[in-house]
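# Close look at the chain arrangement
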Amino acid sequence: MNTLVAIIGAGPAGLLLSHLLYLKGIDSVVLETRTREDIESTIRAGVLEQGTMDILEAAGVGARMRSEGALHHGIELAFGGKRHRIDLSELTGRAITVYAQHEVIKDLVAARLAADGQILFEVSDVSVHGIDSEQPSVHFTHEGQPQQLIADFVIGCDGFHGIARPCIPDTLRRDYQRIYPFGWFGILVESEPSSEELIYAQHERGFALISTRSPTVQRHYFQCDPKDDVDNWSDDRIWSELHTRLESSDGWKLKEGKIFQKNIIGMRSFVSTPMQQGRLFLAGDAAHIVPPTGAKGMNLAVADVRLLSLALDEFYKDGKQGGLEKYTETALKRVWRAEHFSWWMTSLLHRFEDATPFQQALQRAELEYVVSSRAAATVLAENYVGLPFA
Ligand code: RFL
Ligand code: PHB
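Every chain begins its residue count from 1, and numbering advances along the sequence as written. By the order in which they are written, chains take letters starting at A while ligands take numbers starting at 1. Local features in this predicted model are restricted to residues of pLDDT 70 or higher, and side-chain atom pairs are both shown and tallied only at a pLDDT of 80 or more, whereas totals for entire chains, interfaces and linings draw on every residue. Heavy atoms throughout the structure, all of them, feed into the side-chain values; hydrogens and water do not.

An unreviewed UniProt entry lists the chain under the name p-hydroxybenzoate 3-monooxygenase, with Glaciimonas immobilis as the source organism.

Put into structure tokens, the structure is as follows:
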């Protein structure tokens, strides 16, 4: 098989890249190890930055996001028994949309297939060859047959555990990493929303987050031991922990409902550089991970493939390599800003077992400052809604 751009991974990065390239008349093939049903139902992110919304809209895949997603103009920070609103729109003129990642995936798969785009599901034994030549290729097995996909470029959009990043030799790569000593326990609940806006809560027992998926399904998280087991948490224990961490002196109360999914996720910050070697480029979680506290992961993946689509367009239209050559440098500026913001939000809101009373007092001082200073609140708000694209 031949194509211009071979894309490994049908997550938000791979699917959106394939669609953006299609809109510019550039052929690509997407290879995915999982089934269509699986990628369309895996529960992950929920918050889209304004810029992400704009890109999806411009790519013609924004209709359901607009009608079924919820536009949020603010978030709340809760601590010391009180809630404090950060007015995102007033501070930045921008907003966010809460719309599940797997819904974005459904919209992108539908758009690719409607345009006769090629996505090969359930591939296995994926390997990349010849990245330092002008004809790299991807070898894989599909429907029991060994296959070769020959392309001009290979883009690794295969997430943190993918095979693309290790194709850049250790001697040429530098990885930066921090693993946090806690995880998030996530639940999906059948109930109406407890709050019109997301609530990020700091409590001496640990962080909690109230989010939403639809008028009838809610998504909540609370900080936990990353090695804990969901079976240790009965529904009663979960509700009791969430009530404690979110208790508020203003009479606000969390709404309970039927919990129909529970999972525990680990938290890490990770950046791998460079994001390119020869004709292999990395995008999204394949190159970097942020802890979910800042809601940046999927948005960064979108920002990476926006850059790649512009650079590849320039290459095919004008034969210019400038955008491709500068990809790592340009992408990493946004990545490191989001890494810092996500680390800062995580540090601001979580319980650290080894924190001294001095560090705990600093954390409270920082929270008080964010909710009382317009300048400090604006720093949070402009990062949360997403900084302008390069
Ligand atoms: P993905 O989504 O991991 O997709 C990679 C795809 O590649 C496939 N794959 C392969 N395919 C072919 N060959 C191989 N060898 C392959 N190996 C893997 C995989 O099956 C998969 O389909 O990466 P991508 O596209 O870079 O997208 C990144 C985002 O998924 C991720 O950053 C976000 O989910 C992070 N995140 C959030 N991001 C936000 O922007 N806003 C949020 O509110 C937000 N909340 C979250 C999150 C992530 C979470 N978890 C579960 C880690 C909340 C949570 C709980
Ligand atoms: C979510 O709704 O899944 C969500 C919202 C905000 C975050 C992370 C996850 O910071």
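Right, picking up where we left off after that structure.
Here we come to the packing of aromatic side chains. Pairs were defined over the aromatic rings of Phe, Tyr and Trp, the Trp ring being its six-membered one, requiring ring centres within 6.5 Å. Orientation was assigned from the angle between planes: stacked under 30 degrees, edge-to-face over 60, tilted for the rest. Scanning the model with the defined rule gives 17 aromatic pairs in all. On the basis of an interplanar angle of 85° and a centroid distance of 5.1 Å, the ring pair of F160 and F270 is categorised as edge-to-face. On the criterion of sequence distance, the pair formed by F160 in the loop between β12 (153-156) and β13 (174-190) and F270 in strand β17 (residues 258-273) is long-range, its members being 110 residues apart. Across this residue pair, the class does not change: F160 and F270 are buried. Secondary structure elements are defined from DSSP: runs of H or I of at least 4 residues count as helices, runs of E of at least 2 residues count as strands, and each element is numbered from the N terminus. Exposed residues in this analysis have more than 50% of their type's maximum accessible area, buried residues have under 20%, and partly exposed residues fall in between, with area computed by a 1.4 Å probe over protein chains only.

Taken together, the three strands give an open sheet; going across it, the order is β9-β10-β11, and neighbouring strands pair in antiparallel fashion. Strands at the two margins of the open sheet, each flanked by one partner only, are β9 (124-129) and β11 (145-150). Averaged over all pairs of adjacent strands, the angle between their axes in this sheet comes to 20°, without regard to strand direction. Two strands pair if DSSP finds at least two bridges between them. Pairing of β9 with strand β10 (residues 137-142) involves four bridges; the strand directions are antiparallel. Among the inter-strand pairings, S124 is bridged to a residue of β10, identified as T141. Orientation is described by lines fitted to C-alpha atoms, with helices fitted over the stretch in contact, and by angles between N-to-C directions that extend from 0 to 180 degrees.

Further remarks concern the pattern of salt bridges. By salt bridge we mean one thing: a side-chain nitrogen of Lys or Arg within 4 Å of a carboxyl oxygen of Asp or Glu. Counted under the stated rule, the structure contains 25 salt bridges. Across the pair D313 and K317 runs a salt bridge, and its minimum N-O distance is 2.6 Å. Of the two residues, D313 and K317 are both situated in helix α8 (residues 297-318); the distance of four residues between them amounts to about one turn of the helix. Using a relative accessible area of 56% as the deciding quantity, one classes K317 as exposed. One connected set of salt bridges, linked through shared partners, spans R64, E68, E103, K106 and D107.

Let's shift gears to the side chain of T97. Within the secondary structure layout, T97 lies in strand β7 (residues 96-98). Using a relative accessible area of 5% as the deciding quantity, one classes T97 as buried. Sequence-distant contacts of T97, that is, excluding residues within four places in its chain, are made with G46, V47, L48, M53, M65, G69, A70 and L71. Between two residues, a contact is recorded if the distance between any of their heavy atoms is within 4.5 Å.

Next up on the list: the site of ligand 2. Neighbouring ligand 2 are 14 residues, the closest being Y200, S211, R213, Y221 and P292. Here Y221 contributes a side-chain N or O atom positioned 2.6 Å from an oxygen atom of ligand 2. Starting from 280 Å² of accessible surface for ligand 2 in isolation, the protein chains cover 96%. Counted by class, the shell around ligand 2 contains eight nonpolar, three polar and three charged residues. The cutoff for a nearby residue is simple: one of its non-hydrogen atoms must lie within 4 Å of the molecule or strand. Polar contacts, as counted here, are pairs of nitrogen or oxygen atoms within 3.5 Å of one another; within protein the pair requires one atom able to donate a hydrogen and one able to accept it, and residues that are adjacent in sequence qualify only if both atoms are side-chain atoms. To be clear on the numbers: accessible area is Shrake-Rupley with a 1.4 Å probe, and residue cover counts the displayed protein chains and nothing else. By the convention adopted, Pro, Cys, Tyr, Trp, Phe, Met, Ile, Leu, Val and Ala count as nonpolar, Lys, Arg, Asp and Glu as charged, and the other residues, Gly among them, as polar.

For ligand 1, the set of nearby residues contains 33 residues, the closest of which are E32, A45, Q101, D285 and M298. At 2.9 Å from an oxygen atom of ligand 1 is found a main-chain nitrogen or oxygen belonging to A13. Taking M298, its main chain carries an N or O atom lying 2.7 Å from an oxygen atom of ligand 1. In isolation ligand 1 exposes 1000 Å². Once the protein is present, 88% of that is buried.

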